[in-house]
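Close look at the chain arrangement
As a plain string of letters, each chain reads:
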There are 2 protein chains.
Amino acid sequence: MAEALAQTYTRADEAFDCLQTAIVKGDLAPGEKIGEVELCSRFQLTRGPLREALGRLESRGLLVRRPHAGVKVVSVSAEELMELYRIRETMEGLAARQAADRMTDEEIADLHATLDSHETMIEQAQGQAYYQAEGDYDFHHRIATGSRNTKLAQMLLGDLYYMVRMYRYRLSTSSGRPHMALGEHRRIAEAIAQRDGELAEFLMKRHINAARQNIEKKIQEGELTI
Amino acid sequence: MAEALAQTYTRADEAFDCLQTAIVKGDLAPGEKIGEVELCSRFQLTRGPLREALGRLESRGLLVRRPHAGVKVVSVSAEELMELYRIRETMEGLAARQAADRMTDEEIADLHATLDSHETMIEQAQGQAYYQAEGDYDFHHRIATGSRNTKLAQMLLGDLYYMVRMYRYRLSTSSGRPHMALGEHRRIAEAIAQRDGELAEFLMKRHINAARQNIEKKIQEGELTI
DNA sequence: GACCGGATGATTGTTGACAATAATATTGCC
DNA sequence: GGCAATATTATTGTCAACAATCATCCGGTC
């Protein structure tokens, strides 16, 4: 995702993006220990930028790095994944509340338009997987930025989402949820449109809580191995 | 703060700590633009480790770095500082709730002991400044780790606190608050001891909200310039 | 006199070689 | 045969030189 201002795209940024998507997509398996030189040859990079990228990834919690012992992709347990959702619940609730106060009318219109496109997307191609992978985060993305809370958006978009995405990528289709989720999104958007911050917060928290329970159930049923 | 396991303390870590404390203490003024070579000579470092530290600091949001244009310490506006407190409110509320369920009895005993030492500290030397700068965070630190929520603790301790500390450092003494704050801490600790998560969450949110309002008032009265 | 274009200078980004450290394998001893 | 201490090796951490990029300054032109 290219930021609006056309900054110089340095090798370190490239390395960072490469590794990040590789981790999210699972090309670098969790728990896998891997050396720097191997990473260099695999991603056609030199060690300088790579190391800088590794440092950034480490401070974001996507990998751990022990001196003289290589880097290792973090492996998140089922409980930790649930904890991630609990954090999301409170933080996105806050984001929704602030967004209700601060989003412009245009942004709210865009939000509704986004949901319309999601609806057709789901119907057309039964594109449940796509909806989960991209569309869902599109919605949450807009609310995070709409909160006008720089640090909150940064933490949500920069830290949490990549982590959650990493574990959502493999389960992709979660059966009935997309339709449910869309309805929940709609209601949140309505609350924001009515500038009802409290309601928006409540609905958002319930929405994420439902998603968490859905995953929890699947894990317990053994449909989903972590 | 030396972590339990005696890891090799690399130059990059050193650079990171140096710069971090320099930013927090205000030796590197917010908004100040500064070159890499000057930073090297000032902190007796070489550019390699320095750059790695800069990358980490950047992803933590303590400084911004435009390619070929130098690094700049972030300058947080009064509103942004308030937003930080709003984030803390929800996140630490969650931490307190989880801590009430998950802290061991020993940890709770330690928590009370910590508060006792804070009390004597405040009385003895009228050490309000010290209490604010270190002691307060000691308490919050314990609750964050007591939540047993790795990511939550990481975000609180790694990202938010340094940012808040940076702006708390200069106001240091906030008159009557230390005694008030201690009382609030006490009540939170009691709620945790009684394993009353809901109450702990409520009290923690109110505690941080009070701190926020206190700062907000000072800013409006012109006692505090940001 | 103001604005635009190009040259200069400084600063950052990148690279490859070197040194230090820790993990591993080997050898000797119990 | 098992354990421990040592030597080796591979990996990471560090460094200094090089190249690319941007900001600034100067001169010319409108």
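Conventions used here
- Residues numbered from 1 in each chain as written.
- Chains lettered and ligands numbered in written order.
- Predicted model: local features only at pLDDT ≥ 70, side-chain atom pairs only at ≥ 80, totals over all residues.
- Heavy atoms only, no water.
- Salt bridge = Lys/Arg side-chain N within 4 Å of Asp/Glu carboxyl O.
- Helix = DSSP H or I, 4+ residues; strand = E, 2+ residues; numbered from the N terminus.
- Buried < 20%, exposed > 50% of the residue type's maximum accessible area, 1.4 Å probe, protein only.
- Near = heavy atom within 4 Å.
- Polar contact = N/O pair within 3.5 Å; in protein donor to acceptor, adjacent residues only side chain to side chain.
- Nonpolar A, V, L, I, M, F, W, Y, C, P; charged D, E, K, R; others polar.

Some remarks on the pattern of salt bridges
Considering all chains together, one arrives at 29 salt bridges over all chains under this definition. Residue B:Arg65 pairs with A:Glu52 through a salt bridge whose shortest N-O separation is 2.9 Å. Taken together, the residues B:Arg65 in strand E2 (residues 63–65) and A:Glu52 in helix H3 (residues 47–59) connect one chain to another. Exposure class is identical for B:Arg65 and A:Glu52. Each is buried. Notably, a salt bridge pairs B:Arg148 with B:Glu107, separated by 3.1 Å at the nearest N-O pair. Placement of the pair is B:Arg148 in the loop between helix H6 (128–146) and helix H7 (150–171) and B:Glu107 in helix H5 (residues 105–125), with a sequence separation of 41 residues. Put simply, A:Glu36, A:Arg47, A:Arg51, A:Glu58, A:Arg65 and B:Glu52 are held in one network by salt bridges that share partners.

Brief notes about unusual backbone geometry
Residue and element names in this part refer to chain B. Of note in the backbone geometry, Gln44 takes a positive phi value of approximately 55 degrees without being a glycine. Locating Gln44 in the fold gives a position in the loop between helix H2 (36–43) and helix H3 (47–59). For Arg195, which is not a glycine, the phi torsion comes out positive at approximately 60 degrees. Tracing the sequence through the fold places Arg195 in the loop between helix H8 (177–193) and helix H9 (197–220).

Digging into the protein's contact with DNA strand D
Near DNA strand D, the surroundings consist of 16 residues, among which A:Thr8, A:Arg47, A:Arg51, B:Arg11 and B:Thr46 are the closest. Near-protein atoms of DNA strand D (within 4 Å) split between backbone and bases, with sugar and phosphate holding 79%. With respect to DNA strand D, the side chain of A:Arg47 contributes an N or O atom lying 2.8 Å from a base nitrogen. Separating a phosphate oxygen of DNA strand D from a backbone N or O atom of B:Arg11 is a distance of 2.4 Å. Every element with two or more residues in the surface near DNA strand D is listed here: H3 of chain A together with helix H1 (11–25) of chain B. Here the residues of the surface near DNA strand D sort into three nonpolar, seven polar and six charged.

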